Amino acid sequence: MLKYESIREIADAAAEKGLRIGELVLHDQAEAMEQPEEELLGRMRENFAVMRQAVESGQNRDLRSMSGLTGGEAYLMKQYAARSEGGLCGSFLAGAVVRALAVAGTNAAMGRIVAAPTAGSCGILPGCLVSLYEDRGVDERTILLSMFTAGAFGMVIAAKAGISGAQGGCQAECGSAAGMAAAALTEVMGGTPGQCADACAIAVACQLGLVCDPVAGLVEIPCIKRNVSGLMIAFSSADLALAGVAPKIPADECIDAMREVGGAMPVSLKETAGGGLAATPTGQKLREQVFGE
Amino acid sequence: MNVFDIIGPIMIGPSSSHTAGAVRLGRVANKLMDGQTPARLDITLSGSFARTGRGHGTDRALLAGIMGYHSYSEEIRDALAIASGRGIDYRFIRRDIPDTHPNTARVEYVLPNGERGSVQGASIGGGNIRVDLVNDMKVDFNGDSHTLLVMHLDRPGVIASVTNLMRWEYSELNICNFHLSRERKGGNAIMTIEVDSRPPDSLIADIRRLENVTNALLIRRL
């Protein structure tokens, strides 16, 4: 059985057995949870279905968050992408950005989402995987298996560094989500287990130090847009890994660094709304707008 | 931990601690009321629940949980209207309860037959909860294990009758934590019993039939 204490352990075990990481983790989790593999795949299919529903419902023009501070971002981005042939990013990436905005916006509007790994970072994985499924014609089973890869890497990050903003800042939420998504993307595109680990390392390294500074303490500003930047880093990290541009620091050491950086971060920058964007004059004004003086 | 703790749970946003955890706290009250619709609710929001709860829908989430909805129920968004529709007279009080976790809520209920009860607990992150007080008696469990709450009268032999029942009729159950609390000698008391595996539903009915037991409920692991 896998211990989920290091990325290296998982990638090496998969490579040794000639399996995709997702296949290995599915076998292992079925054994650990004493349930048939088909049942676990079914649960993951349900998660994927909820992700796709959130992608749909989040594109509504009238979507608004509970506080009224945000809403309609996915709709605006979709309109822009349609009239500009995908804008600067191109239609595929622009579509993925729309999906990440839709899911993060659904979360802020009290809609149904899948925490991946957290509610605040719930748009990154669906933004990546629903795009491959809907726009690149990847079959569902391959997607579902890659979600086991993402989940396994997330378990390692949770054990080694933590995945809550209160513990480690946004690097622990959107950074972890991007690392997980980069590994899943790499696997879907035919990368080796080692390349999945590389993609995770690059994505985590690119978000080290990112603080959690939500305006008014709400999962909206800047969380919704950070789902987009996390998604972009996931795509670029996967492409770098697939191209053979290896990270110089291995994934496990990047995750150790995340823990150390999270520990060194002041409490004001760890989900307490005491610093960063939350403490700016405009951030304060927005807080008063929602909660009063 | 398993892979579905990371890719999951399916939940209503926006916050696992301020929304999903609040639903779960509300559900403890729902179980205490045995699923009945209360006539009246006084819900105290303390700390961060009081300050940022409105933007996170904490009030709706608590109310939804009290009405028996789950952290994935879309009804959470409309919980205020649903509660009014059911004739529940609810009020929210924003007041800091001293010496408590920053995300603490207290629910006091009155049932249509006049019976009263209360739950106080905290949402401690990631949708996990810790229950501190039931009917103002100290309990302490966090929902990491399956937890039985047994309300009973403080009489000799009640603990033995509960644990003997578990030993002889449900021999696969292993108790991993036990806590007893009482109002006063001979008065109301509560056992908090955490077990390693999920008990069958029949256990609760069997415990409720024991002498001097006034109520029993099961709070399943997250």
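Look a little higher up for the structure.
Rules of the game
- Residues numbered from 1 in each chain as written.
- Chains lettered and ligands numbered in written order.
- Predicted model: local features only at pLDDT ≥ 70, side-chain atom pairs only at ≥ 80, totals over all residues.
- Heavy atoms only, no water.
- Salt bridge = Lys/Arg side-chain N within 4 Å of Asp/Glu carboxyl O.
- Buried < 20%, exposed > 50% of the residue type's maximum accessible area, 1.4 Å probe, protein only.
- Helix = DSSP H or I, 4+ residues; strand = E, 2+ residues; numbered from the N terminus.
- Disulfide = S-S within 2.5 Å.
- Pairing = 2+ DSSP bridges.
- Axes fitted to C-alpha atoms, helices over the stretch in contact; angles between N-to-C directions.
- Contact = heavy atoms within 4.5 Å.
- Buried area = accessible area lost by both parts, 1.4 Å probe.
- Polar contact = N/O pair within 3.5 Å; in protein donor to acceptor, adjacent residues only side chain to side chain.
- Nonpolar A, V, L, I, M, F, W, Y, C, P; charged D, E, K, R; others polar.

A. How the structure looks around the pattern of salt bridges. Enumeration over the complete set of coordinates arrives at 19 salt bridges over all chains. In this structure, D42 of chain B engages R40 of chain B in a salt bridge whose closest nitrogen and oxygen atoms are separated by 3.1 Å. D42 of chain B gets classed as buried once you look at its relative accessible area, which sits at 16%. The class for R40 of chain B is partly exposed, based on a relative accessible area of 28%. Close ionic contact of R182 of chain B with D154 of chain B constitutes a salt bridge, the shortest N to O distance being 2.7 Å. You can see R182 of chain B sitting in strand β9 (residues 175-182) and its partner D154 of chain B sitting in the loop between β8 (146-153) and α6 (158-169), a full 28 residues away along the chain. Given a relative accessible area of 43%, R182 of chain B falls into the partly exposed group. In the salt-bridge network here, residues are joined through shared partners; they are K160, D252, D256 and R259 of chain A.

B. Representation of the state of the cysteines within the structure. Residue and element names in this part refer to chain A. This structure, assessed with the given rule, holds 0 disulfides over all chains. Here C122 stays free of any disulfide, with the sulfur of C174 as its closest cysteine sulfur at 9.2 Å. Free cysteine C200: the closest other cysteine sulfur is in C254, separated by 8.0 Å.

C. A look at the sheet that holds strand β7 (residues 137-141) of chain B. All names here are of chain B. Strands sit in the order β3-β2-β4-β5-β6-β7 across an open sheet of 6 strands; the sheet is mixed. Each end of this open sheet is capped by a strand with a single partner; those strands are β3 (89-94) and β7. Ignoring strand direction, the axes of neighbouring strands in this sheet form an average angle of 20°. Sheet topology note: the strand β2 (residues 40-47)/strand β4 (residues 103-110) ladder contains 8 bridges and is antiparallel. In the sheet register, S46 faces β4, and the bridge partner there is T104. Taken strand by strand, helix α2 (residues 16-32) contacts β4, β5 (116-125) and β6 (128-134), and its axis lies near 155° from that of β5. Against the sheet, helix α4 (residues 58-66) contacts β2, β3 and β4, and its axis sits at roughly 135° relative to β2.

D. Here's a closer look at the pairing of strand β10 (residues 188-195) of chain B. Residue and element names in this part refer to chain B. The buried fraction of β10 is high, at 7 of 8 residues. By the bridge criterion, 8 bridges tie β8 to β10 in an arrangement that is antiparallel. Pairing of L149 across the sheet is with T192, part of β10. Pairing analysis gives 7 bridges linking β9 to β10, with the strands arranged antiparallel. If you follow F178 over to β10, its bridge partner there is I193. Between β9 and β10, which pair antiparallel one after the other, the connecting turn spans 5 residues, and G186 there sits at a positive phi close to 80°.

E. Representation of the interface of chain A and chain B within the structure. Contact residues are listed per partner, giving 40 residues for chain A and 28 residues for chain B. A combined buried area of about 2,700 Å² lies between chain A and chain B, and 67% of that area is made up of carbon and sulfur atoms. If you sort the residues of chain A by the area they bury against chain B, M66, M110 and R112 of chain A come out on top, with a joint share of 26%. Connecting chain A to chain B are 0 salt bridges. At the junction of chain A and chain B, the tally comes to 10 residue pairs in polar contact (both at pLDDT 80 or more). Residue classes in the side of chain A that touches chain B are distributed as 29 nonpolar, 7 polar and 4 charged. The pairing of strand β1 (residues 112-114) of chain A with strand β1 (residues 10-12) of chain B spans 3 bridges and is classified as antiparallel. Following the sheet pairing, R112 of chain A is matched in β1 of chain B by I12 of chain B.

F. Inspection of unusual backbone geometry at higher detail. With an omega of 5°, the peptide bond running from I221 of chain A to P222 of chain A counts as cis. As for its position among the elements, P222 of chain A is in the loop between α10 (193-206) and α11 (223-243). The linkage connecting G13 of chain B with the following residue, P14 of chain B, adopts the cis geometry, with an omega of 10°. Checked against the element boundaries, P14 of chain B lands in the loop between β1 and α2. Despite not being glycine, Y4 of chain A shows a phi value in the positive range, around 55°. Structurally, the position occupied by Y4 of chain A is in the segment before α1 (7-17). Given the relative accessible area of 7%, Y4 of chain A is considered buried. Positive phi outside glycine occurs at E85 of chain A, with the angle close to 50°.

Don't take any of this as a statement about function, it's just geometry.
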